[in-house]
Amino acid sequence: MAWVNAIIQGILTGGLYALFACGLSLMFGVMKVVNLAHGDLAVIGAYVALGVITVTHIPALWSFVIVVPIMAVLGYALQRTLIQAALDRGVLITLLVTFGLSVVIESGLLQFINADSHSLGVGESIITGSFSIGSQIQIPYLLLLIFAVAVVVLLGLQYFLSLSRYGRMIRAVADDQEAAQLSGIDYRHVFGIAAAIAFGTVALAGIAYGMYSQFSPTTGTDTILLFAFAAVVIGGLGSLWGTLLGGIVLGVAQQIGAQINQADQVLAGYIVFLLVLALRPQGLTARRAQS
Amino acid sequence: MSEPATERADNDSTPLLEVRDLIVHHGQLRALDRVSLRVFPGEVYAIIGANGAGKSTLLRTIAGLHRPTDGAILYDGKDMTKVRPERRATGGIVMVPEGRRLFGSLTVEENLKVGATYARKGPWTIERVYEIFAWMKDRRTQRTAQLSGGEQQSVAIGRALVANPRVLLLDELSLGLAPVIVQRIYAMLPQILSTGLTVLLVEQDVSQALRVASHIQCLLEGHTTLEGRPSEVTAEQVEAAYFGLSPAAAEGSEALWHGSTPSSRAS
Amino acid sequence: MSVVTDTPARSEENFRVTRSRRNVAWTGAGALIVVVVLALFPYIVYSGTTSLMVQAFIVITLASMWNLLAGYAGLVSVGQQAFVGLGAYFVLILAQHSLSPFGGLPVAAIGCGVAAVPMWWLISRLRSGYFAIATWVLATAIMLFIERFPSIGGGTGMSLPGLSGYDPTLLVAYTYWIGLAVTVLSLVTVYVMLRGRIGLVLTAVRDDEVAARSSGARVGLARMLVYVVAAVGCGAAGALLAISQLIVQPGAVFTVQWTAIMAFAVIIGGLGTIEGPIIGAIVYIILQRTLQSYDAWYLIVLGLVAIGVALFARRGLWGLIDDRLNIRLFPVGYWLWTPESTGRRGPRKRGIRPRRAGRHS
């Protein structure tokens, strides 16, 4: 029965991974940018939350109210300045600039804070602890909450994109940037909005991760970026719910790996990723292979 | 020979849209070489020419998607050569691009809604577009990628119309469409014009252009070879201008003959 | 109807296409002299300097390989550390089976090349940004896999056997010479590849991939070859690293910092030129020595400078020098001489500039 527990944990962790991944997916879908600093931004969100909690003493659970808007504004600003400048110079330069940004952020965090791990903790609230089904299955409330938040965010994103005016503009720009300009849309502004959403969701993911586990300057790449990417590839590029599926598959694979051998948890996830890449490179949800 | 020019000038002294000595490059290639034109309100101004003559480049530069190397573009007398394309669109210059360029993952209605995002005030609404294209309302929730070429062209035109432009730029409407469909689309033109629009269009189908236009201009390898009213040009003159043949073939016309064949222009 | 044209046909003898300007012969001779002088270093300088030179050799090799990938083939890899680590571990494993690390280095390098083939097959279908992350995932997965085996040190690492019998100064000297050989070989390989067919295919792809494919260029093959060669080069550098450090630790050889160093050196030195990586590597070493006592500062500075250079001075330091002096030490492009540029005293500097890598992204 420990296996069932592992699988359930894996499924719920998938929500967290989907939250990591949706910003990455969005930025790629709308502006064809793969933001290599994506994970590091989540870590920044976590550190900012830590600072906010330390200063204002609000419960960790509510820190996102302050942090997410800050990160969203940061996202808009960074997109309109640095990333747009890189985009204007081509795909190669954009990758190099975001990679540079990632290294600078991590080194900066190492330099100005330290290499230690921190955790946001959960504080005193009802969500510490877990509920049990039978004697062998224990589901932490926090994990359940994170999964619920992930689903809510994905739903919100889906509705935003399909029903709202800005969502329509984002989809239009993603389809055809020039045609959108001809309809009066400033695509740079739309890119900024998409980046703001991406930064906001990844900050939320960072806070969630910070509460559930520990984070340090290198968590951004070691854990968040690579897991987000694996989730996207497994699930299938270009599909929000595919990303959730990918996250779930990744989470389950990791937990099963941990059951076999504790040290192999992360590796097990990557092995599944490589298998999907080898056997079904378009991902699990895409309909046909893309060239 | 200058009578048509004064006739136009009497109507309105400031052209709605004017291009002065435009020079545009594609990399090292000079695509447009000192091209000028003037479009007055209410006109249907057609630009014709063979492939590679620079017609679409001209339209794209007017729309703002291409930066000229030299020259000026004036709208209502004001210089807007450096204005961004989206500002031109919200200012009233809206283009229906070559190849339709619809938003493939969006539905018909969503395409129209996007076109109306920053619409100016005016008579055109999405409902009005549904009126002139009768089939559209029933299919409005369909993804545009699934429509036929002619239907896509109608949606593209509708998307431009709902923005309530003052100048409508049509880039190669006939491209890739059956002649019957093309005729049907051009037959809509009077309805569109009745609301006070001005149209600047680029067309490879010369006879179609001559049928709808109040004024035509022919481009060849980046410069103007003919300009005038359809009623004043002969078929031989158009042919000569289109292919760059010697002016001896073009006799006795009232149209403005620019006589610049390949032999006489500076390289 | 006749078509009148008055443009006289230009006589073809007035146009010439040459591979390079006169200075290549000088460069070849100069390079030979430099190599000979470098080879004599262990006899002339202290072993502290020699060790520093070995570090430089590693960085120069890595940078040239990264430049080959990104600057010429357009492949951005942030996972080259996979081969640095694999090269180091191959040498370790071979040393455990009684093959001297010096002999093990070439075997390790080739081993990395072989490993690169299935890796390429797995990730080559991904588009550029996702390709980049995939290389990173591969590197991490390989590291995690290797860490499972305590016989080669597990998670903590292991010292390199087989070199304890050497006199320390001699060891440094041998390491130096092998390092010099690896670097020279890498640079020569890159130069030869780019002047040959591969270079032609890659330039064609960079200009217009569809046209290149339809004219028969084996684009996929060219890119795979580049990836494999880069793997061999990085593997050799990794092996050299193991030999110079005498210890192999997974965290140290598989760290993404290697990619950061390679990438930044290339960007600052000049993406898409052969001279650029050399200059960038030197800049890196200088920065690292100067800011050494300030912990992570040198990476922050390096990163910021690289971002700045990528955005505002895309052709890097070498690009700036090249613009002023119009030199190419290792020419891989073509010069077109038109009638206007040929004067009485021989060709002047008005040939049509060769297309440079990195201008189009």
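Bear in mind the structure is a predicted one, so any value in this text is a computation, not a measurement. (Residues numbered from 1 in each chain as written. Chains lettered and ligands numbered in written order. Predicted model: local features only at pLDDT ≥ 70, side-chain atom pairs only at ≥ 80, totals over all residues.)

## Overview of the overall build of chain A
Step number 1: Looking only at helices and strands, chain A features 11 helices and 2 strands.
Step number 2: In chain A, the succession of α and β elements from N to C terminus is α-α-α-α-β-β-α-α-α-α-α-α-α.
Step number 3: On C-alpha atoms alone, chain A measures out to a radius of gyration of 19 Å, which is about the 19 Å that the 2.2 N^0.38 rule sets for 291 residues.
Step number 4: With respect to the principal axes defined by its C-alpha atoms, chain A has extents near 65 × 50 × 35 Å.
Step number 5: Counting across all 291 residues of chain A, residues that qualify as buried make up 55%.
Step number 6: A sequence separation of at least 24 residues applies to 75% of the contacts in chain A between residues at least 6 apart. (Helix = DSSP H or I, 4+ residues; strand = E, 2+ residues; numbered from the N terminus. Rg over C-alpha atoms; globule rule 2.2 N^0.38 Å. Buried ≥ 20, exposed ≤ 12 C-beta atoms within 10 Å, placed from the backbone. Contact = placed C-beta atoms within 7 Å.)

## A few points about the overall build of chain B
Step number 1: When its secondary structure is counted, chain B shows 10 helices and 11 strands.
Step number 2: Each of the 267 residues in chain B was classed as buried or not, and the buried ones make up 45%.
Step number 3: Sequence separation of at least 24 residues holds for 69% of the intrachain contacts in chain B that already meet a minimum separation of 6.

## Things to note about the pairing of strand S2 (residues 137-140) of chain A
Residue and element names in this part refer to chain A.
Step number 1: Bridge count for strand S1 (residues 130-133) against S2 is 4 bridges, and the pairing is antiparallel. Looking at the pairing, Phe131 lines up with Ile139 of S2.
Step number 2: The turn linking S1 back onto S2 is made up of 3 residues, and Gly134 within it adopts a positive phi angle of 70°. (Pairing = 2+ DSSP bridges.)

## Structural notes on the packing of helix H2 (residues 47-72) of chain C against helix H9 (residues 219-245) of chain C
Residues and elements named next belong to chain C.
Step number 1: Orientation of H2 relative to H9, taken along the N-to-C sense of each, is 165°, at an axis distance of 9 Å. Judged on the interaxial angle alone, H9 and H2 are roughly antiparallel. Crossing angle aside, the handedness with which H2 passes H9 is left-handed. For the pair formed by H2 and H9, the contact residues are Val54, Phe57, Ile58, Thr61, Leu62, Ser64, Met65, Leu68 and Leu69 on the first element and Val226, Tyr227, Val229, Ala230, Gly233, Cys234, Ala236, Ala237, Leu240, Leu241 and Ser244 on the second.
Step number 2: Looking at the contact of H2 with H9, its residues break down into 16 nonpolar, 4 polar and no charged. (Axes fitted to C-alpha atoms, helices over the stretch in contact; angles between N-to-C directions. Parallel < 35°, antiparallel > 145°, perpendicular 65-115°, else oblique. Left-handed = near helix turned anticlockwise from the far one by under 90°. Nonpolar A, V, L, I, M, F, W, Y, C, P; charged D, E, K, R; others polar.)

## Observations regarding the interface of chain A and chain C
Step number 1: Listed by partner, the interface residues are 35 residues for chain A and 35 residues for chain C.
Step number 2: Here the side of chain A that touches chain C gets 15 residues from one element, more than from any other, and that element is helix H4 (residues 91-112) of chain A.

## Let's talk about helix H3 (residues 64-88) of chain A
Residue and element names in this part refer to chain A.
Step number 1: In H3, a bend of some 45° at Gln79 exceeds every other bend along the element.
Step number 2: For H3, the complete set of buried residues consists of Phe64, Val67, Val68, Met71, Ala72, Gly75, Tyr76, Gln79, Ile83 and Ala86.
Step number 3: A positive backbone phi angle near 115° is found at Gly90, which sits one or two residues after H3. (Bend = angle between axes of the 7 residues up to and from the residue.)

## Some thoughts on the interface of chain B and chain A
Interface size, as often reported, equals the accessible area lost upon joining of the parts.
Step number 1: Listed by partner, the interface residues are 22 residues for chain B and 15 residues for chain A.
Step number 2: When contributions to the side of chain B that touches chain A are tallied by element, the ones reaching two or more residues are helix H3 (85-91), strand S6 (93-96) and helix H4 (108-115) of chain B.
Step number 3: Looking at the side of chain B that touches chain A residue by residue, the class counts come to 12 nonpolar, 5 polar and 5 charged.

## A word on helix H10 (residues 235-243) of chain B
All names here are of chain B.
Step number 1: Among all positions of H10, only Gln237, Val238, Ala240 and Ala241 are buried. For H10, the buried positions fall inside an angular range of 165° around the axis, keeping them on one side.
Step number 2: Packed against the buried residues of H10 are helix H9 (206-212), strand S9 (215-220) and strand S10 (223-228).
Step number 3: Where H10 ends, the next residue or the one after it, Gly244, has phi of about 80°, a positive value. (Arc of directions from axis to C-beta.)

## A word on the pairing of S10 of chain B
All names here are of chain B.
Step number 1: Of all 6 residues that make up S10, 5 are buried, and the element is covered over most of its length.
Step number 2: Across 5 bridges, S9 lies against S10 in antiparallel orientation. Paired with Leu219 across the bridge in S10 is Thr224.

## Some remarks on the nonpolar core
Step number 1: One finds Phe20 of chain A together with Leu169 of chain B to be the most contacted residues of the largest nonpolar core, which totals 285 residues.
Step number 2: The biggest single contributor to this core is helix H8 (residues 187-212) of chain A, with 17 residues.
Step number 3: Those residues in contact with Phe20 of chain A, other than ones at most four positions away along the chain, are Ala42, Val202, Ala205, Ile224, Phe227, Ala228 and Ala231 of chain A. (Core = buried A, V, L, I, M, F, W, Y, C linked by C-beta atoms within 7 Å.)

## Some thoughts on the sheet that holds strand S4 (residues 70-75) of chain B
Residues and elements named next belong to chain B.
Step number 1: Across the sheet, which stays open at both edges, the 4 strands sit in the order S2-S1-S4-S5 with antiparallel pairing between neighbours. Strands with a single pairing partner mark the edges of an open sheet, and in this sheet they are strand S2 (29-39) and strand S5 (78-79).
Step number 2: Sheet topology note: the strand S1 (residues 17-26)/S4 ladder contains 5 bridges and is antiparallel. Within S4, the position partnered with Arg20 by the bridge is Ala72.

## Some remarks on unusual backbone geometry
Residues and elements named next belong to chain C.
Step number 1: Positive phi values are uncommon outside glycine, yet Ser98 reaches one of about 70°.
Step number 2: Tracing the chain through its elements places Ser98 in the loop between helix H3 (81-96) and helix H4 (101-123).
Step number 3: Residue classification places Ser98 among the exposed residues on the basis of 8 C-beta atoms within 10 Å.

## Let's talk about the environment of Gly92 of chain B
Residues and elements named next belong to chain B.
Step number 1: When you line up the elements, Gly92 lands in the loop between H3 and S6.
Step number 2: C-alpha separation for the pair Gly92 and Leu16, spaced 76 residues apart in sequence, amounts to 11 Å.
Step number 3: Leave out the neighbours within four places in its chain, and Gly92 touches Arg120, Pro165, Arg166 and Val167.

## Some remarks on the environment of Asp138 of chain B
All names here are of chain B.
Step number 1: Turning to its location among the elements, Asp138 is positioned in the loop between helix H5 (126-132) and helix H6 (149-161).
Step number 2: Exposure remark for Asp138: the 10 C-beta atoms within 10 Å place this residue in the exposed category.
Step number 3: In this structure, the C-alpha to C-alpha distance between Asp138 and Pro68, residues 70 residues apart in sequence, is 43 Å.

## Re the packing of helix H1 (residues 2-31) of chain A against helix H9 (residues 219-235) of chain A
Residues and elements named next belong to chain A.
Step number 1: Two numbers describe how H1 lies on H9: the axes approach to 8 Å, and their chain directions differ by 80°. Here H1 lies roughly perpendicular to H9, going by the angle between them. Side by side, H1 and H9 meet where Tyr17, Ala18, Phe20, Ala21, Leu24 and Ser25 of the first sit next to Ile224, Phe227, Ala228, Phe229, Ala231 and Val232 of the second.
Step number 2: Its residues assigned to classes, the contact of H1 with H9 comprises 11 nonpolar, 1 polar and no charged.

## Focus on the confidence of the model for chain B
Residue and element names in this part refer to chain B.
Step number 1: A residue-level look at chain B finds 87% of positions with pLDDT of 70 or above and a mean pLDDT of 86.
Step number 2: pLDDT under 50 marks residues 1-7. Its contacts with residues more than four places away, or in other chains, come to 7 contacts.
Step number 3: Within the model, the stretch residues 259-267 combines pLDDT values under 50 with 15 contacts to residues more than four positions away or in other chains.
Step number 4: Confidence estimates for the predicted assembly give a pTM of 0.86 and an ipTM of 0.90. (pLDDT = per-residue confidence, 0-100.)

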